[in-house]
Amino acid sequence: MGAHDAPEYAFTEENPVSRSLQAVLAVVDDHALDSETEGLDKFYQSIRDRVSVAKSEKSRQDLIRNLYDTFFQTAFPRMAARLGIVYTPVEVVDFILHSADYALKKHFGTSISAPGVRVLDPFTGTGTFMTRLLQSGLIAPEDLERKYKEEMYANEIVLLAYYIAALNIESTYHAITGKYEPFPGIVLTDTFQMDEVRDGIDDIILPENNERVKHERQQEIRVIFGNPPYSIGQTSGNENNKNNSYPRLDGRIRETYAAVSSSKLVRNLYASEIRALRWATDRIGNSGVVSFITNGRFINSSNGGGLRKSIEKEFRYAYIFNLRGFIKGRIGEDAKKEGQGIFDIVTGTAIVVLIKLEKDNNPCELFYHDIGDCLSREEKFNLISKFANIGGMNFTQIKPNDSGDWAEQRNEVFDTFVPLGSKEKWYDKTIFSIYSLGVVTGRDVWAYSFSRNDLEHNMQRMIEYYNQETVLYQKASKGLSKGNKPDVDDIVDSNPKHISWTRGLKSDAEKGKKHSFQHQSIAVGQYRPFTKLVMYFNGQFNEMVLQIPKLFPTASHKNIVISLTGIGARRPFSALAADCIPNLHLHDTGQCLPLYWYEKITNANPGEIKQANLLDDTPKAEQDGYIRHDAITDWSLNAFREQYKDTSITKEDIFWYVYGILHSPEYRTRFANDLKKMLPRIPYAPDFWVFSKAGRALGEWHLNYETVEPWPLNEVLHGTIEDYRVVKMRFAKNVHGKADKTVIRYNDYLSLTGIPLEAYEYVVNGRPAIEWIIDRYEVTTDKASGIVNDPNKWAEEHGEPRYIVDLIKRVVKVSVETVRIVNGLQSPFYTDESIAAKLNGFSFDGFILNKLGESGLNLEPEARLLLDSIFKKANETVLALYHENAEQTSKNELIIKSQAAALDFSRATINFVARNVITKHLGRNRMFGLSDPISFIQNIQTDSITCGLIKEVLENICPMWPFCD
């Protein structure tokens, strides 16, 4: 009997899940729900009809995938978002399967087809990976039945996908063999839940399926492949779409990825795709292959360092194929370079093939390939098909650095610069004593507006609605114990036209807190570059205000902050001074460095507050119940005066020096990778005043952008009406149909011409300053809430009908002047590289403490004393070497050796302190001679290995180290 002559396979009678559910449906039938199920019958018939006309197996898989993807995104968008439902192009599926087989052959001397090689797709979706495996030729004909019945496993959590996958895999097997056989390896289950504590409900509802789950768990899996779900969690409190919790799996993440991460923000390590990698790594045990297409952000992200380090530790070989497509958060040329995504999402992807070898203690060999810039989706598919598998590619072998960087490695020199700030309270050798992320309202469309009147109206009605919903929840909870109270999400209304919920506001509702509108919370905020909005600045209705209330406690307290691109930002580094409350995305996840900070007076007598001494950080003056402090530290003031031998330097001079350095093109280019992953560190430039004066001049332009003399653009009227209202500005088109950036069509009645193109060279937060005005100053209507934000109302309420048109001219002027100043900056680095480490502010404490911070090690006071003495002696030595040999070019070699020895000494000290001093010696409260490293070692003779390491380093550098005997 031919493959197409076989009798119809009774799926509903053979599949265990289908049999169990048929019993439930039989009861449903008794209640005459035919009309409700008629639409679903039509959907299944549509799938059958469309699949039947597919011309090839590849097109059939594409059709099934697209049908299901479209259906799910339309019918169940919240579940699709929570589960990260995205299905995989066949080109990628084939590459992953053939790469897994290549890895087996190269590193294990076996293949997917071989007996005992069990494979698992833990997130099978519509079964594309398994069907393509059956069709791939990777399984020899004589092995096909055994593999199908005994060595192939697939999990799926969504019932509809499970049904389609089972039918897809079984019909594919039938097409190849001519036999209909139920696929015993498919399981309806939450893969992440398999190793958690189970409640036993599956034994009652789906007993046969549960037996399959138990059987799969008992198998030794050699290869895991697939496309894990992409999801971090809900983005809004209105979504009521929380991710599931997996205590055991998340515990494994905590003790591996998070434990070795230097990032303070480890939330992303619990994203679904990271959970999938952790689960698969554990599931293959000590030997096997993991081959996934996954979110590629971990490759370069600052909070992915712990994951990267763990991959190096747990796998013998790692192949990373970066497919790019990281569009989210990027704009302009940066977004264009990423090319199109493999999926119809804005998140970039990567294929990872990871190999564990049992009883192989050699270090991981890491191989990396970037697919390239500006490629379309089809171009990427063509390259993937051409490569066929990882064996057909030219990978670059990477040696990760101590920070766990792979492709975008940091520059070690950066560690030697002066830190801008530190969240470690005990470490005070920083320029700023305080810094903060910008404000996160969690409800920007409600809490910001161009119109004060609109803002007040929106917030008042939302607060009233919140109070009503809080009363409803309290009534529903009345008389119930804490454990029996209903979930707040089940009671309150999440209609976005009435309210924007956040986690904090829901917590207030659960506690029965009432809120009232506070007029004093109305303030001006710097929302985006050169875009000020009225905001509701209030900790009850701003999800995170962080340290900002200390920087701008009231509208009458003046301050200046340097907002700069934050850690992990997707956009190139930039900085911008602001004199009002900064939003988190004034820069991408922006950090803010203040000139001052304010302390609220509580028990102090205001009459006793005196004007501060210029040289210290005592209170400056009392104002409306607050005292003002300098945010620039005394330590940095002394350090800069000492460095430049200039006592005229003030803290404000240092503030603007920092601003000048942060605008240096050479600084930004040379340390681009560092600035993505760390808070900036500041070098000592050859000339302090060049950068301080440049920074101050830049600050004048950037802070006064609303009042500077406008650039003389031409105003071209279209007709006789003079109208300065905007709806949406745009660039004019040239004869080729492309944007003419010298002309802005302001509205239907007015164009602005003569914009100098060099003005577009001033880029802040990823786009030219002029384009921020075009982007932000338009009338918008929020789809969810229906709230209209009209920039014309800012002009009306301020009595300046020409505000927006003049703002464009002024920002053109600011842009041209900024470009002029920045292009005139000299190098912030000494040109003699042989002494760069010293002259650019090399300090052992900066280098070592940064490394200790990355390891998460907290030093006890005795350890800090110990290190301080070593730092002091080491710095004095480098300084002496420089002064002795700076004018003798013939001795440059000696200085080079000294620099290298200093770095070696630093690394050795890190190892020594981290592994021995804290855990063994200081824990017993022992103190040691602190005069120099030699006496340090002489006082600790209990660890011969570590002593030998330090001794070896010291012996190598003793010829040039003055304190060595």
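Quick note: structure is the one above.
We now turn to the structure provided with this report. (Residues numbered from 1 in each chain as written. Predicted model: local features only at pLDDT ≥ 70, side-chain atom pairs only at ≥ 80, totals over all residues. Heavy atoms only, no water.)

### Thoughts on the sheet that holds strand E11 (residues 436–437)
Sheets are built from strands paired through backbone hydrogen bonds, the pairs being either parallel or antiparallel.
Line of reasoning, step 1. With antiparallel pairing, the four strands of this open sheet are ordered in space as E11-E18-E15-E16. Every interior strand has two partners, whereas the edge strands, E11 and strand E16 (575–578), have only one.
Line of reasoning, step 2. Examined bridge by bridge, strand E15 (residues 561–564) and E16 share four bridges and lie antiparallel to one another. Its bridge partner lying in E16, isoleucine 562 is registered against alanine 577.
Line of reasoning, step 3. Against the sheet, helix H23 (residues 651–662) touches E15, E16 and strand E18 (591–594), its axis set at about 25 degrees to E15. (Pairing = 2+ DSSP bridges. Helix = DSSP H or I, 4+ residues; strand = E, 2+ residues; numbered from the N terminus. Contact = heavy atoms within 4.5 Å. Axes fitted to C-alpha atoms, helices over the stretch in contact; angles between N-to-C directions.)

### Here we look at the sheet that holds strand E25 (residues 739–747)
Line of reasoning, step 1. Judged by pairing direction, the sheet is antiparallel, and its four strands sit side by side in the order E23-E26-E25-E24 without closing on themselves. With partners counted over all chains shown, the strands left at the sheet margins are strand E23 (714–717) and strand E24 (730–733), one partner each. Within this sheet the neighbouring strands show an average axis-to-axis angle of 40 degrees, counted without direction.
Line of reasoning, step 2. Relative to strand E26 (residues 750–753), E23 runs antiparallel, the two being bridged by four bridges. The partner of leucine 717 across the bridge, within E26, is leucine 750.

### Looking at the pattern of salt bridges
Line of reasoning, step 1. Summed over all chains, the structure comprises 47 salt bridges.
Line of reasoning, step 2. Residues arginine 132 and aspartate 94 are paired through a salt bridge, measuring 2.8 Å at the closest nitrogen-oxygen approach. In this pair, arginine 132 sits in helix H7 (residues 128–135) while aspartate 94 sits in helix H6 (residues 90–108), placing the two residues 38 residues apart along the sequence.
Line of reasoning, step 3. For lysine 677, the salt bridge is made with aspartate 405, and the minimal N-O distance between the two is 3.2 Å. One end of the pair, lysine 677, is in helix H25 (residues 672–677); the other, aspartate 405, is in the loop between strand E9 (396–398) and strand E10 (418–419), and 272 residues separate them in sequence. A single burial state applies to lysine 677 and to aspartate 405, both of which are buried.
Line of reasoning, step 4. Residues joined in a network through salt bridges with shared partners are Arg252, Glu255, Arg278, Asp282 and Glu314. (Salt bridge = Lys/Arg side-chain N within 4 Å of Asp/Glu carboxyl O. Buried < 20%, exposed > 50% of the residue type's maximum accessible area, 1.4 Å probe, protein only.)

### Examining the packing of aromatic side chains
Line of reasoning, step 1. All told, the structure shown has 41 aromatic pairs when counted by the stated rule.
Line of reasoning, step 2. Both rings, one in phenylalanine 298 and one in tryptophan 406, keep their centres 6.0 Å apart while their planes meet at 80 degrees; by these two values the pair is edge-to-face. Taken together, the residues phenylalanine 298 in the loop between strand E5 (288–295) and helix H14 (305–314) and tryptophan 406 in the loop between E9 and E10 connect sequence positions 108 residues apart. We note that phenylalanine 298, like tryptophan 406, is buried.
Line of reasoning, step 3. In this arrangement the basic side chain of arginine 767 is found over the ring face of tryptophan 772, its NZ or CZ atom lying 4.6 Å from the centre. (Phe/Tyr/Trp six-rings, centres within 6.5 Å; stacked < 30°, edge-to-face > 60°. Lys NZ or Arg CZ within 6 Å of the ring centre and 35° of its normal.)

### Re unusual backbone geometry
Line of reasoning, step 1. Positive phi outside glycine occurs at lysine 359, with the angle close to 60 degrees.
Line of reasoning, step 2. With respect to the element layout, lysine 359 can be found in the loop between strand E7 (349–356) and strand E8 (365–370).
Line of reasoning, step 3. Judged by relative accessible area, which is 82%, lysine 359 ranks as exposed.
Line of reasoning, step 4. Despite not being glycine, threonine 589 shows a phi value in the positive range, around 45 degrees.

### Examining the side chain of threonine 531
Line of reasoning, step 1. As for its placement among the helices and strands, threonine 531 is situated in strand E14 (residues 531–536).
Line of reasoning, step 2. Note on threonine 531: relative accessible area 1%, which makes it buried.

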